[in-house]
Number of protein chains: 2
Amino acid sequence: MEAKNNLKQLIQMFSVFDGKDLDKVVDCFKTRLIKKNEILLCEGDIAKEFYFINSGCIRTYFITKQGHEKTRYLMIEPSIGTALTSFISQKPSFEFIDALENTEVLAISYKDFYRLADEIQAWKNFYLKIMEMAYSFQNRKIESLVTLSATERYKQLIKENPKIVQRVSNKILASYLDIKQETLSRLKSK
Amino acid sequence: MEAKNNLKQLIQMFSVFDGKDLDKVVDCFKTRLIKKNEILLCEGDIAKEFYFINSGCIRTYFITKQGHEKTRYLMIEPSIGTALTSFISQKPSFEFIDALENTEVLAISYKDFYRLADEIQAWKNFYLKIMEMAYSFQNRKIESLVTLSATERYKQLIKENPKIVQRVSNKILASYLDIKQETLSRLKSK
C-alpha cells in the first residue's frame, strides 16, 4: 500500500484529480520486484509497460554501432519512465531497460495507460506533462553534451541529481555522462 | 485564406474537432512573411510563438562550444514547429530559429496556444500528438546518429524526406546529418 501512496503523491505533483479518479488510475498499477541486473526490455521488443520506481534503480540504454553501451536515462525512486519511444509507438524498441539494484516497481500496461487517458482528463494532463518533461530532458541532455565540458556535466549532475552519482557504478555513470571512465575517476577524486 | 485552410488540413490529420472549435483555433494564428536568412529567435530569447509553415523553410539550430552550427530540425511546408523546449518552459532558448527561404508562416502566441488547450479538448489532443512526435523524432535522430553510418543516414533522409535534400544547402544539410560537407558532396555525387 505504501508504494501506491507514493505513486499517488508523485502523480498529484503534476495533475489535479477529482474524487475516485486517482484510485481508478493507481489500481491499474501492479507491483513487480526486479532483481539487480535483470533485463525488463530487450532491444527489438515492444515496451508494453510504464513504470513507477518505488525503491531501487532502473535505466534505459542502447548499444552503439561500435558496440558501446550508452545509458540514456536513470530512474531512482521515486521516479517514472519506460522506453518511451517504443511505448508511444508500440514499435520495437531501440533501447534496453535493466535494473541496477534490486528494485520494486509498480507497472501499468500500455492498454490501461491509454484507456485511462481517454476516460480521465486528469490522467491525460499527467501524460502531457510527462511528454513535456521527457522532451525537455532529452533536449537538455543534447544541449549539455554539445555545450558543456566533461567537468561541467559532472558538476551539473552532482548539483541536480546527487543520488545518481552516489548509487550508480562509475562504468554506467561514465556512459550516462558520455565521458571516459578514467576521466570520471579523475573528476570524482578531486 | 488558403494558408488557414492548409493549417486546418494539417491539424485534422492529428485530432478531431467539433463544430466551430477548429475555426476558433485557426483564428488565433496570424500570417507572417519572413525573409530568407531572417532570424526569428535568438539563443537566450524566450520562444513566444508556435509556427505553421505554409510555404518556405525554417530551421532550428544551435552553436556548439567549438563554435560549430548544428541544425536540429528542418521545417518545409506544410509543417509545424518552434524552439519547443523554450516554448514549453518559457525559459531562454538554447536554439536559434532562422529562415532558409522566403517563408510564409502562420504564428500563434504562447498565451493563445495554452488557453486553447485548456478550453478545447481536441486542441489539447493535438498538442499531445505533437509532443509525442517531437519526442520520437528527437529519439530517432539520436538513434540514427549512433547506429547508422553517414551513408545510411543520407539514404534514410532521401527516402523519408527528399524535399529536404533538394532544397537545403549542402552546408546546412551536412550540419543536420552531422557529417562533414566533403562527405556529403561525395555521397550526393554518387
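Just so you know, these numbers come straight off a predicted model, no measurement behind them.

1. So, the overall build of chain A
Thinking step 1. The number of helices and strands found in chain A is 9 helices and 8 strands.
Thinking step 2. In summary, chain A has a C-alpha radius of gyration of 17 Å against a globular reference of 16 Å for 190 residues, a match within 12%.
Thinking step 3. Among the 190 residues that make up chain A, the fraction classed as buried is 36%.
Thinking step 4. Intrachain contacts of chain A at a sequence separation of at least 6 include 69% that bridge at least 24 residues.

2. Focus on the relation of the copies chain B and chain A
The operation relating the pair of chain copies consists of a rotation about an axis and a translation along that axis.
Thinking step 1. Note on the copies: chain B fits chain A at an RMSD of 0.0 Å, the axial shift is 0.0 Å, and the rotation between them is 180°. Both copies are brought into coincidence by an operation consistent with a two-fold rotation axis.
Thinking step 2. Looking at chain B, 100% of its interface residues are interface residues in chain A too, so the copies touch through the same face.

3. Brief notes about the sheet that holds strand β6 (residues 79-81) of chain B
Residues and elements named next belong to chain B.
Thinking step 1. Here 4 strands make up an open sheet; going across it, the order is β1-β8-β3-β6 and the pairing antiparallel. Each end of this open sheet is capped by a strand with a single partner; those strands are β1 (30-34) and β6. Ignoring which end each strand starts from, the neighbouring axes of this sheet average 30° apart.
Thinking step 2. Where strand β3 (residues 49-55) meets β6, 3 bridges bridge the pair, whose relative direction is antiparallel.

4. Digging into the interface of chain B and chain A
Thinking step 1. With 21 residues of chain B at the interface, the matching set in chain A holds 21 residues.
Thinking step 2. Every element with two or more residues in the side of chain B that touches chain A is listed here: α3 (84-89) and α5 (121-147) of chain B.
Thinking step 3. The greatest single-element share of the side of chain B that touches chain A, amounting to 12 residues, is contributed by α5(B).

5. Observations concerning the pairing of β3(B)
Each regular strand displays side chains that alternate between the two surfaces of the sheet.
Residues and elements named next belong to chain B.
Thinking step 1. Most of β3 sits inside the fold, with 6 of its 7 residues counted as buried.
Thinking step 2. Across 6 bridges, the pairing between β3 and strand β8 (residues 103-109) is antiparallel. Bridge pairing links F52 to L106 in β8.

6. A word on the nonpolar core
Thinking step 1. In this structure, A:F52, A:I58, A:M131, B:F52, B:I58 and B:M131 are the most contacted members of the largest nonpolar core, which totals 96 residues.
Thinking step 2. Not counting residues within four places of it along the chain, the set of residues in contact with B:I58 comprises B:L40, B:Y51, B:I53, B:M75, B:I97, B:D98, B:A99, B:L100 and B:T103.

7. So, the domain arrangement of chain A
Interfaces are often described in size by the accessible area the parts lose on coming together.
Residue and element names in this part refer to chain A.
Thinking step 1. As far as domains go, chain A holds domain 1 (2-130) and domain 2 (148-190).
Thinking step 2. Here the C-alpha centre of domain 2 lies 25 Å away from the C-alpha centre of domain 1.
Thinking step 3. For the side of domain 1 that touches domain 2, the leading source of residues is strand β5 (residues 69-76), giving 5 residues.
Thinking step 4. Looking at the side of domain 1 that touches domain 2, its residues break down into 4 nonpolar, 1 polar and 2 charged.

Definitions and cut-offs
- Residues numbered from 1 in each chain as written.
- Chains lettered and ligands numbered in written order.
- Predicted model: local features only at pLDDT ≥ 70, side-chain atom pairs only at ≥ 80, totals over all residues.
- Helix = DSSP H or I, 4+ residues; strand = E, 2+ residues; numbered from the N terminus.
- Rg over C-alpha atoms; globule rule 2.2 N^0.38 Å.
- Buried ≥ 20, exposed ≤ 12 C-beta atoms within 10 Å, placed from the backbone.
- Contact = placed C-beta atoms within 7 Å.
- Least-squares fit on C-alpha atoms with pLDDT ≥ 70 in both.
- Pairing = 2+ DSSP bridges.
- Axes fitted to C-alpha atoms, helices over the stretch in contact; angles between N-to-C directions.
- Core = buried A, V, L, I, M, F, W, Y, C linked by C-beta atoms within 7 Å.
- Domains from an automatic or database assignment.
- Nonpolar A, V, L, I, M, F, W, Y, C, P; charged D, E, K, R; others polar.

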